[in-house]
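Secondary and tertiary structure notes
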Amino acid sequence: MSTSPAPDALLGPADIRELAAVLGVRPTKQRGQNFVIDANTVRRIVRTAEVRPDDVVVEVGPGLGSLTLALLETADRVTAVEIDDVLAGALPATIAARMPGRAERFALVHSDAMHVTELPGPAPTALVANLPYNVAVPVLLHMLENFPSIERTLVMVQSEVADRLAAGPGSKVYGVPSVKANWYAEVKRAGAIGRKVFWPAPNVDSGLVSLVRRTEPIRTTASRREVFAVVDAAFAQRRKTLRAALAGWAGSAARAEAALVAAGVSPQARGEALTVEEFARIAEAAPDRDRPDGTPVPTGTPGSPASPSPLEAPKRKDSE
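Residues numbered from 1 in each chain as written. Predicted model: local features only at pLDDT ≥ 70, side-chain atom pairs only at ≥ 80, totals over all residues. Heavy atoms only, no water.

1. Observations concerning the nonpolar core
- Leu131, Leu211, Val227, Leu246 and Phe279 are the most contacted members of the largest nonpolar core, which has 61 residues in total.
- In this structure, Phe279 is in contact with Val179, Val227, Val230, Val231, Ala234, Phe235, Gly271 and Leu274, ignoring residues within four places of it in sequence.
- Membership of the second largest hydrophobic core comes to 38 residues, among which are Ala49, Val51, Ala75 and Val78. (Core = buried A, V, L, I, M, F, W, Y, C linked by side-chain atoms within 4.5 Å. Buried < 20%, exposed > 50% of the residue type's maximum accessible area, 1.4 Å probe, protein only. Contact = heavy atoms within 4.5 Å.)

2. What about unusual backbone geometry?
- Geometrically, the link from Trp199 to Pro200 is a cis peptide bond, its omega value of -10 degrees lying close to zero.
- Relative to the helices and strands, Pro200 is located in the loop between strand 8 (198-199) and strand 9 (206-213).
- Residues other than glycine seldom take positive phi values, yet Glu50 does so here, at roughly 55 degrees.
- The residue Glu50 is located in the loop between helix 2 (39-48) and strand 2 (56-60) in this model. (Helix = DSSP H or I, 4+ residues; strand = E, 2+ residues; numbered from the N terminus.)

3. A few points about the pattern of salt bridges
- Enumeration over the complete set of coordinates arrives at 17 salt bridges.
- Between Asp76 and Arg77 there is a salt bridge, with the nearest N and O atoms lying 3.8 Å from each other.
- Measuring nitrogen to oxygen at the nearest pair gives 2.6 Å for the salt bridge that ties Glu160 to Arg164. Placement of both Glu160 and Arg164 in helix 6 (residues 159-166) is noted, with a separation of four residues, approximately one turn of the helix.
- The class of Glu160 is partly exposed, set by a relative accessible area of 41%.
- Residues joined by salt bridges that share partners form a network here, namely Arg52, Asp54 and Glu151. (Salt bridge = Lys/Arg side-chain N within 4 Å of Asp/Glu carboxyl O.)

4. Remarks on helix 12 (residues 276-284)
- Within helix 12, eight of the nine residues are buried, which leaves it mostly tucked inside the rest of the structure.
- When we look at burial in helix 12, the residues that qualify are Val276, Glu278, Phe279, Ala280, Arg281, Ile282, Ala283 and Glu284.
- Among the structural elements, helix 7 (176-184), helix 8 (224-236), helix 10 (247-250) and helix 11 (253-262) are those in contact with the buried residues of helix 12.

5. Topic: the confidence of the model for the protein
- On average, residues of the protein carry a pLDDT of 88, and 86% of them reach 70 or more.
- Note on residues 297-320: pLDDT is under 50 here. Beyond four places in sequence and across chains, it has 56 contacts. (pLDDT = per-residue confidence, 0-100.)

6. So, the packing of aromatic side chains
- This structure, assessed with the given rule, holds five aromatic pairs.
- A ring pair is formed by Tyr174 and Phe235, whose centres lie 6.2 Å apart and whose planes are at 75 degrees; its orientation type is edge-to-face. With Tyr174 in the loop between helix 6 and helix 7 and Phe235 in helix 8, this pair connects stretches of sequence that are 61 residues apart.
- Residue classification places Tyr174 among the buried positions, given a relative accessible area of 4%.
- The exposure class assigned to Phe235 is buried, which follows from its relative accessible area of 10%.
- Aromatic ring contacts, followed pair by pair, group Tyr174, Phe235 and Phe279 into a single cluster. (Phe/Tyr/Trp six-rings, centres within 6.5 Å; stacked < 30°, edge-to-face > 60°.)

Written as structure tokens, this is what we have:
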């Protein structure tokens, strides 16, 4: 017996409003709820995400199920993570009613995505989601960190957030989200989404961001936490030079300068000019940090020779 979904299995504007009315759901700004009401849009998202028939997809914030149903048309399995009690309670019934032949390939996790560290069934290979703008970046980074099996990600976020995630060094919007996302993946903008495909229509435009996980992790002896600590410090005072911005992180401006010189980075540069690899080099040169062999990293005085690093590269041009 065929398990192909019926042509009208996806949710349209009338279906969404009817479901919401039956459930007594009123989209809330607090949770950034804007439901997609256009079938063409969710199918476009699935195509852009390059979802394959063998993919195990995790979706965060499925809402009433618009994108979930489109994912089930193509993917092998879909696991949805939903925090809202009413929406989580209703989604399995919606899937069973509209795609009965695929219902056994759907799983629901009723939880805050920020607390999810394991999922039922096979490990996810893709993450596809319409993320609320207020939690988009932390949720995305949490999922990438906790589920290394996720190879491809496509998220729909506020356009401004999309720009920040996909920005490169030197861009005015390059910052903490840009660097941290790039730690895990190659990141790029993958399209724009109009306001009219949502209910209620948001006051901002939306954008798609594609993240393809690095086949080889960043080569560094520093841990993710050590690198991210440098990133956070550098952008907490982004208008300051790194010598000043990293003073608190290093213990003093002089110690920050020593670490920067050891890493081959100009103390007069600013965080917005650095690649994730350069941030990793700085983390490796942190004062009082031991090398893997247990010997201290030599960062005693400015101008001291740089310690060997697998990320060593020619010195970059200063960015003032």
